[in-house]
There are 8 protein chains.
Amino acid sequence: MDPRRLEELLRSIQSGEVSVQDGVRMLKDLPFEDIGEAMIDHHRTLRKGFPEVIFGEGKDSELVIKIMERMVETEENILATRIEKTKARAILQRFPRASYHPRARTITLQVSEVEEVGRGNILVISAGTADIPVAEEAMVTATMMGNRVETLYDVGVAGVHRLLNHREKLIGANVLIVVAGMEGALPSVVGGLVARPVIAVPTSVGYGASFDGVAALLAMLNSCASNVAVMNIDNGFGAGYIASLINR
Amino acid sequence: MDPRRLEELLRSIQSGEVSVQDGVRMLKDLPFEDIGEAMIDHHRTLRKGFPEVIFGEGKDSELVIKIMERMVETEENILATRIEKTKARAILQRFPRASYHPRARTITLQVSEVEEVGRGNILVISAGTADIPVAEEAMVTATMMGNRVETLYDVGVAGVHRLLNHREKLIGANVLIVVAGMEGALPSVVGGLVARPVIAVPTSVGYGASFDGVAALLAMLNSCASNVAVMNIDNGFGAGYIASLINR
Amino acid sequence: MDPRRLEELLRSIQSGEVSVQDGVRMLKDLPFEDIGEAMIDHHRTLRKGFPEVIFGEGKDSELVIKIMERMVETEENILATRIEKTKARAILQRFPRASYHPRARTITLQVSEVEEVGRGNILVISAGTADIPVAEEAMVTATMMGNRVETLYDVGVAGVHRLLNHREKLIGANVLIVVAGMEGALPSVVGGLVARPVIAVPTSVGYGASFDGVAALLAMLNSCASNVAVMNIDNGFGAGYIASLINR
Amino acid sequence: MDPRRLEELLRSIQSGEVSVQDGVRMLKDLPFEDIGEAMIDHHRTLRKGFPEVIFGEGKDSELVIKIMERMVETEENILATRIEKTKARAILQRFPRASYHPRARTITLQVSEVEEVGRGNILVISAGTADIPVAEEAMVTATMMGNRVETLYDVGVAGVHRLLNHREKLIGANVLIVVAGMEGALPSVVGGLVARPVIAVPTSVGYGASFDGVAALLAMLNSCASNVAVMNIDNGFGAGYIASLINR
Amino acid sequence: MDPRRLEELLRSIQSGEVSVQDGVRMLKDLPFEDIGEAMIDHHRTLRKGFPEVIFGEGKDSELVIKIMERMVETEENILATRIEKTKARAILQRFPRASYHPRARTITLQVSEVEEVGRGNILVISAGTADIPVAEEAMVTATMMGNRVETLYDVGVAGVHRLLNHREKLIGANVLIVVAGMEGALPSVVGGLVARPVIAVPTSVGYGASFDGVAALLAMLNSCASNVAVMNIDNGFGAGYIASLINR
Amino acid sequence: MDPRRLEELLRSIQSGEVSVQDGVRMLKDLPFEDIGEAMIDHHRTLRKGFPEVIFGEGKDSELVIKIMERMVETEENILATRIEKTKARAILQRFPRASYHPRARTITLQVSEVEEVGRGNILVISAGTADIPVAEEAMVTATMMGNRVETLYDVGVAGVHRLLNHREKLIGANVLIVVAGMEGALPSVVGGLVARPVIAVPTSVGYGASFDGVAALLAMLNSCASNVAVMNIDNGFGAGYIASLINR
Amino acid sequence: MDPRRLEELLRSIQSGEVSVQDGVRMLKDLPFEDIGEAMIDHHRTLRKGFPEVIFGEGKDSELVIKIMERMVETEENILATRIEKTKARAILQRFPRASYHPRARTITLQVSEVEEVGRGNILVISAGTADIPVAEEAMVTATMMGNRVETLYDVGVAGVHRLLNHREKLIGANVLIVVAGMEGALPSVVGGLVARPVIAVPTSVGYGASFDGVAALLAMLNSCASNVAVMNIDNGFGAGYIASLINR
Amino acid sequence: MDPRRLEELLRSIQSGEVSVQDGVRMLKDLPFEDIGEAMIDHHRTLRKGFPEVIFGEGKDSELVIKIMERMVETEENILATRIEKTKARAILQRFPRASYHPRARTITLQVSEVEEVGRGNILVISAGTADIPVAEEAMVTATMMGNRVETLYDVGVAGVHRLLNHREKLIGANVLIVVAGMEGALPSVVGGLVARPVIAVPTSVGYGASFDGVAALLAMLNSCASNVAVMNIDNGFGAGYIASLINR
């Protein structure tokens, strides 16, 4: 409960405007009913400027549109992830000011300017070209959350020189997101080259014994670099989100 | 917060004994600080007469004794599970009034009489003799929680007549706990014979492709009988506990 | 064998109407042939008022219709689960008095009024909106089996205040069904808030390392709350069924 | 090498018709080249009267027809498995004398009468109606291999009386094939009722934690009945085949 | 119920010695109570001459001795499996007439001569020397069940000529038991060389990706030879048992 | 950096043409920027004559065409794998001089003659006909890399004589690629017959407990033949590639 | 190469002190030889004040002592993890100034004061008492890396009020490390209560279907809270390490 | 059959010394009996100079000694792998001329000088120090098979500069064996740096989600470098063996 509202209530009791019985009734459910508000308020302040997010997978365009319509009323920016091309078309017709990012498979709708709140750069790295959709999802997310984001794609470990050629970018980043499928080895190599946190995202890219990303996931969890933490398979959004929190 | 205590506080504010500022300070942390107490009180009432429980696995006898010493002060009965023989000896030396149930690998210490609160019988069934320790753990738990418990051991599905011979017991039970390792088929057969809830407990009994109870666990989760719900492998205690709640 | 029929037979033997040889022949196969009837009779009495159930997955609308046609003759209510929209349309054309519950993907056909037989309320809780179909399947099942059912949806653990806001509902329920995908943590939290049996249903909602519900399933099996028993992934029907038996 | 042909060759050498050098050349590759023939001859004799078999999965109707065309020249009966309805239609147009068994998803083409070679009956049992296609594949296979085959369907363990009602069939069979999905418990129960070999076939029937037949497979491998041996998931053909060999 | 006993009872009713009421009481529980006896009688006849079996794993020597003491009273031969050397010593002291088979890790106690009941030879084949204990368990079991058993050890697929050298043995066998760890390929090769049933037993021999026998188990389940059925990992006893039933 | 270019630079510094400051600037990033070139140069020399490779899976024909257009400028031969028939048609329209290999599902575009660089023959063996696509992918790859390649198809272990009939081919090969699905036993048998390296390729051919190639993969990793190394499931290209390197 | 050293070298070439040939020789291996130094220097600067770390698992006390002896020469602080009590005793005898933290199973040897470099607090939370060793490992690591660390133990989700009672601590932390075994649900709940990064550490605490921490790992990877990144099972050290980097 | 022996036999038949009947008898079993000899002879020639190998795991020192005693008679060199220190001591007492390699856990007994037969160098690389035992097993094996072997240890991917510092060794090797546990990424990086075959060996080094080497195994199977083939977990011997064949 807002201290000011609490103070007012107590003053009304003191002045006799509100009876003790009514006061008890209004306050006794506080522990349960108020906790939500308190948390939500707290979150709202901290997340000021964050976009509202829609996880698009398994939702048809109608449902996404319905949710977006409710959201635009709050005047927050909107980020919708996992939106395939055909779905996007229907949504953009309804919200012509929204943008579709085909590689990231995301829609963004900016109501207000995104304020830059990040302390440093976030660098999004991908091992192969097939990993780019997940990397771009992370990139769009972090951008919408107020960060300067750089990208470095197709620098997989079987051509380690391609990575080493970008020393400046690696060392210059405050947080790194590393996206890789197949053997998922890139976060370990990157982790060894920098002294900043590395958020690793396994992708379902691969075939056979990649088991839809399990091989990459296990590799990342077992990284011999100590500065690597891991997200769920294909979870580019989560990586962009937590990297943004780290970069604040 | 206890309504009576809340009422008293408001009265003190009304009367001016307590200032509004102090009232605000005392109340504003209610949502978080009080929720625990509220819950605990609620639980305490509901769980009146339940034993205190110690999960003994991975705890040495000294630690179990230390926890029991703290518990005896609350004057509740005590149930300690997963206590191997040698550990039990040390504990019984310190608590001579406690009893050790070697097959169930549990220790019970009864401070007050266990009041019977169950509406009907709980029947604990085991498929093989090797499953008995888990079955007995369930039996002792349900007994300590105030239930009449019957047992029916070594009635595995490869000799289905042994089970059918005990029609009365099966049909007479209000809740059934069925413990089985290997192919874990017994809960399905029992489930088909009764119209009461069946709590299935897979055990790690078996070898090779039993994978320490996984085969039995999967069989039970896929039971074609609709009245079967499943516990973790070897979780006799949990089965006894939830069966007791069902039987109240 | 029905005792009355048995008595009649023995009387005919006593009176000489039936020879001993014929009597032996008629009785000797009793153990095997009669057992089914005996069981079925017993079940029938206990399950008086239960709906007949059709598991619709993998059955086309023609097959479902054929089964329903046979069932309506028994004058029992009918519940058909896992019926997708297009299938439902065909079935409703044949049975215009049946109802389709799109979110629950079930069809119900009430021949007689459902008699309320439950002792208390069953509360069906879902973690996310994507888990609602499974929750609704449980809800429709429990309703058809004669229970008062309440629901509480979208109260996942990442916003625990949403759950706590509904204290009354939680504490007021006699049995709780908790449906969750992804990390499957909700049954543990709910289990800790109530002292009644919790039936946990993992769903296949999630992606990547959720492995189509395995993550949620394992979490529920390992619940640190002792009053949680688990159903197969997406098995809303089974949860509604066993909760109904518990609630009798 | 056929002893008669070998004798002729040696006689020609003895008589001088064939030189020693030519003899060496003809014989020296015997170990490798002849082994196949020897084996094939041996097999041919033993398998006299067996049908030629085509595994239809992954083959289009054209390819199946092409293989069948080659086969009919050998004047053996033909059995083609895993043939879906639409494929079957095309094949039957080309071979109007062939028969399609829709439930078994097999095509048979009888050139000569199937001679009965089995010593006793083979009994094919299925747990649920959804398991019938696999059971029928076994049944058609065993029939084509010269056995009297009986069937007993929909006698799953959750209604064990349905199984017990068929005591005569069970005890009368020389080999039993038991087909079950979900928890795969039926072979254990059947195995306990008979003293003959039981060939267990897990099916991919089920959902969630059945993992496409893995639950049933593991249950069968861990059967507490000792007279149960297991086939691959959905391998009705193999079960019919090996049961036929046992029954010879 | 034994027809003779049933006839007597009916005669007593006919003669008035037993009242109809008493007759009803005696007969009405038949379905459940008698089924066991009937089955047991049936089994006893069929299994005439079979040894009594003790699964020794997880049982200490005292328990094995206690079970054996009860068994010797039935005057059946006894087979105890999974008995390690030290355990065996204690058991032999109590039963000096018993024999210990160290490679098979089994104890046999012959009260009466084992009567030969097998129609042909059983051939037990092992891939490597480390698989021999499981093979010997199968061999001892089949021998105790009245079969002529031959063995062929250390003929793994990486030296396929060793196997081919024993053509006569292979072709001469009526049932074949093939025991293999590691890649578990031997049953497929043997299955292709004979036209008799092959019982495949995977062993836990191997390391790393053999996963304690899973690799071998999967290989055997996927055998491209159709005459292969599979037992649980290391289940030599089961293989010997079912092979004996096949060989009757 | 190319020693000659480095020498030139230093001479220009010595002669004063280039200032020390400029020299420092040009050289200081050498460690990172140059490493790639160095490696690429080194590789380029070694891989002289290798085709450029496109992994076609998940790429539509437009993308493949775009990549090929860029590649033809380098005047290297091109190999595109995992190209399904319909995709191939579109690509061949744009590159009429390219060839499509339907069984191998590959496209090759030869700009210059493939120079033979292999020391001996590579022999590609497949267990079943369904494994041929993967085998052909290996064959086309090795051919494009300058090897004489022989093939031996449909010689699975259940008919080991078919393999033995080709003794000459087996013994004559310098490297062997063995492709097998289902139980994956062929590499072990082949490995035991030759004293040359065997590259084993599991395929996803099979059903049920083959788990899309896992059974074959595990079998190959556990081969009792020591001369077997394993590729990812269905990785025919990789097998052809590494076999070519071995054969140089 | 250090720009200054490079400049000197070029000046010597310019002045003729060093010949062009010698310059080429000295520079041509730069790409490979220098990269390591460059990286190491860069790391050294960034990691200034970090402890040297020894992973003690699988190393006997002698080996740990030997490594520590080498390390003390660098005058860095030392952290040795996974040191069991008996091993610790031997190590402390050799390094009497080192401290053993028994709950964290770590040894620390402080040569110089740990300078505080963290921007805010790190809060380490554990679900159960059995998870404390992993939590303490994280705590000691983060402390040694210059952070203020608070702890909050035994606040598992089955008693969510215990967690909520510590609102201030939760909201006050800059980075949170959440350690949990069994169902691993705590990071989701914590993640929903704060708007800061949460590093989740699954532990191997549990039994049966916890599969040594896999259940908790999967739950954490599938967290419905977006601010959760995951470490390997029991990797308290890694969590402390990356949390420290985030907190800088 | 040896052509000369065959020729002699035919001459004896031609001359009448041997009758046709006796000739038939002697020749008819050739296909089976002779194939082994033929193969063995062929292998013997090819493997001339190879050591005899004993896989020591699961064999006690007595058994190893017994096998070695039989082997020394063939006058081949002997290599025994997986010999722990205490076992080694007993073996060396019996064979004082044998050497124990403690890091490789192997015993070698050189009867004759190892002749160098390799065309180039074999380079054995390990990621961590804990992987060295497996690397050394490969090294000793390849050395005993007549190769020049170099080693490069502790060059894991988290410090990629350590690897790059050894450019010469990498590029100079004819075959590379790369041994790594944990995330198993090293073979991909090495594979990208060289144009020679890379034999990857996953080790069981790691904890938690390394699953005793599965993480590393999967990473290696999914390597994005095409020149990587994989051995079983910890199979250093096999890697040394096949690398030797490649290097011939």
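Procedures and definitions
Residues numbered from 1 in each chain as written. Chains lettered and ligands numbered in written order. Predicted model: local features only at pLDDT ≥ 70, side-chain atom pairs only at ≥ 80, totals over all residues. Heavy atoms only, no water. Helix = DSSP H or I, 4+ residues; strand = E, 2+ residues; numbered from the N terminus. Buried < 20%, exposed > 50% of the residue type's maximum accessible area, 1.4 Å probe, protein only. Polar contact = N/O pair within 3.5 Å; in protein donor to acceptor, adjacent residues only side chain to side chain. Contact = heavy atoms within 4.5 Å. Axes fitted to C-alpha atoms, helices over the stretch in contact; angles between N-to-C directions. Parallel < 35°, antiparallel > 145°, perpendicular 65-115°, else oblique. Left-handed = near helix turned anticlockwise from the far one by under 90°. Nonpolar A, V, L, I, M, F, W, Y, C, P; charged D, E, K, R; others polar. Buried area = accessible area lost by both parts, 1.4 Å probe. Salt bridge = Lys/Arg side-chain N within 4 Å of Asp/Glu carboxyl O. Least-squares fit on C-alpha atoms with pLDDT ≥ 70 in both. Domains from an automatic or database assignment. Arc of directions from axis to C-beta.

Residue and element names in this part refer to chain H. With respect to the element layout, Thr203 can be found in the loop between strand S8 (198-202) and helix H10 (214-221). Here Thr203 falls in the buried class, since its relative accessible area comes to 1%. Of note is the side chain of Thr203, whose polar atom sits 2.7 Å from the side chain of Asp131. With sequence-adjacent residues up to four places away left out, Thr203 is seen in contact with Asp131, Val134, Val179, Ala180, Gly181, Gly213, Ala216, Ile233 and Asp234.

Here we take up the environment of Arg248(B). Residues and elements named next belong to chain B. Relative to the elements of secondary structure, Arg248 occurs in the segment after helix H11 (236-247). Of the residues examined, Arg248 reaches a relative accessible area of 24% and is grouped as partly exposed. Once the C-alpha coordinates of Arg248 and Asn147 are considered, the two residues, 101 residues apart in sequence, prove to be 8.7 Å apart.

Our next topic: the packing of helix H10 (residues 214-221) of chain C against helix H10 (residues 214-221) of chain G. Direction vectors running N to C along H10(C) and H10(G) enclose 125°, while the axes themselves pass 8 Å from each other. As judged from the angle between their axes, H10(C) and H10(G) are oblique. Of the two possible hands of crossing, H10(C) and H10(G) adopt the one that is left-handed. Residues Val214(C), Ala215(C) and Leu218(C) of H10(C) pack against Val214(G), Ala215(G) and Leu218(G) of H10(G). When the residues that make up the contact of H10(C) with H10(G) are grouped by side-chain class, the tally is 6 nonpolar, no polar and no charged.

Bringing the side chain of Thr106(E) into the picture now. On the secondary structure map, Thr106(E) appears in strand S4 (residues 106-109). Discounting residues that sit within four places of it in the chain, Thr106(E) has contacts with Leu79(E), Ala80(E), Thr81(E), Ser99(E), Tyr100(E), His101(E), Glu137(E) and Val140(E).

Attention shifts here to the interface of chain D and chain E. One frequent convention defines the size of an interface as the accessible area lost when the parts assemble. In this complex, chain D contributes 34 residues to the contact, which on the side of chain E involves 34 residues. Approximately 3000 Å² of surface area, both sides summed, lies buried where chain D meets chain E, with 69% of it carried by carbon and sulfur atoms. Between the two partners, chain D and chain E, sit 0 salt bridges. If you look at where chain D meets chain E, you find 7 residue pairs in polar contact (both at pLDDT 80 or more). Broken down by element, the side of chain D that touches chain E gets its largest block of residues, 6 residues, from helix H11 (residues 236-247) of chain D. The class makeup of the residues in the side of chain D that touches chain E is 22 nonpolar, 8 polar and 4 charged.

Time to look at the relation of the copies chain D and chain E. Two copies of the chain are present, and they differ by a rotation about an axis and a shift along that axis. Screw-axis analysis of chain D against chain E gives a translation of 0.1 Å along the axis, an RMSD of 0.2 Å, and a rotation angle of 179°. In short, the pair behaves as if placed about a two-fold rotation axis. Proximity to the rotation axis, assessed at the C-alpha, singles out Val230(D) in chain D; its C-alpha lies 2.4 Å from the axis. Comparing interface residues between copies, 100% of those in chain D also sit at the interface in chain E, which points to an isologous, same-surface contact.

All names here are of chain A. Under the domain assignment, chain A is made up of domain 1 (3-9 + 16-109) and domain 2 (121-247). Each partner contributes residues to the interface: domain 1 has 16 residues there, and domain 2 has 14 residues. Of the roughly 1200 Å² buried between domain 1 and domain 2 on both sides combined, carbon and sulfur atoms contribute 67%. For domain 1, the biggest contributors to the area lost against domain 2 are Phe50, Arg82 and Arg103; these three give 39% of the whole. Inspection of the domain 1/domain 2 interface yields 2 salt bridges. Residue Arg103 is joined to Glu136 by a salt bridge in which the shortest nitrogen-to-oxygen separation is 3.6 Å. Where domain 1 touches domain 2, the interface holds 2 residue pairs in polar contact (both at pLDDT 80 or more). Of all elements in the fold, only strand S2 (78-81) and strand S4 (106-109) reach the threshold of two or more residues within the side of domain 1 that touches domain 2. In terms of residue count, the dominant contributor to the side of domain 1 that touches domain 2 is S2 (3 residues).

It is worth spelling out the pattern of salt bridges at this point. Residues and elements named next belong to chain B. All chains considered together, the criterion is met by 56 salt bridges over all chains. Here Glu7 ties to Arg11 by a salt bridge, and the two come within 2.8 Å at their closest N and O atoms. Of this pair, Glu7 and Arg11 both sit in helix H1 (residues 3-15), 4 residues apart, which is roughly one turn of the helix.

Once that is clear, we can look at helix H5 (residues 85-94) of chain G. Turn by turn, an α-helix covers 3.6 residues, leaving residues three or four places apart pointing in a common direction. Residue and element names in this part refer to chain G. Those residues of H5 that fall on the buried side of the exposure criterion are Lys87, Ala88 and Ile91. Taken end-on, H5 shows its buried residues confined to a sector of 100°, consistent with a single buried face. In this structure, H5 carries Lys85, Thr86, Arg89 and Gln93 as exposed residues pointing more than 90 degrees from its buried face. As for H5, its buried residues are in contact with helix H4 (61-72), strand S3 (99-101) and strand S4 (106-109).

Within the secondary structure layout, Val18(A) lies in the loop between helix H1 (3-15) and helix H2 (20-28). Taking the C-alpha atoms as reference points, Val18(A) and Ile83(A), separated by 65 residues in sequence, lie 53 Å from one another.

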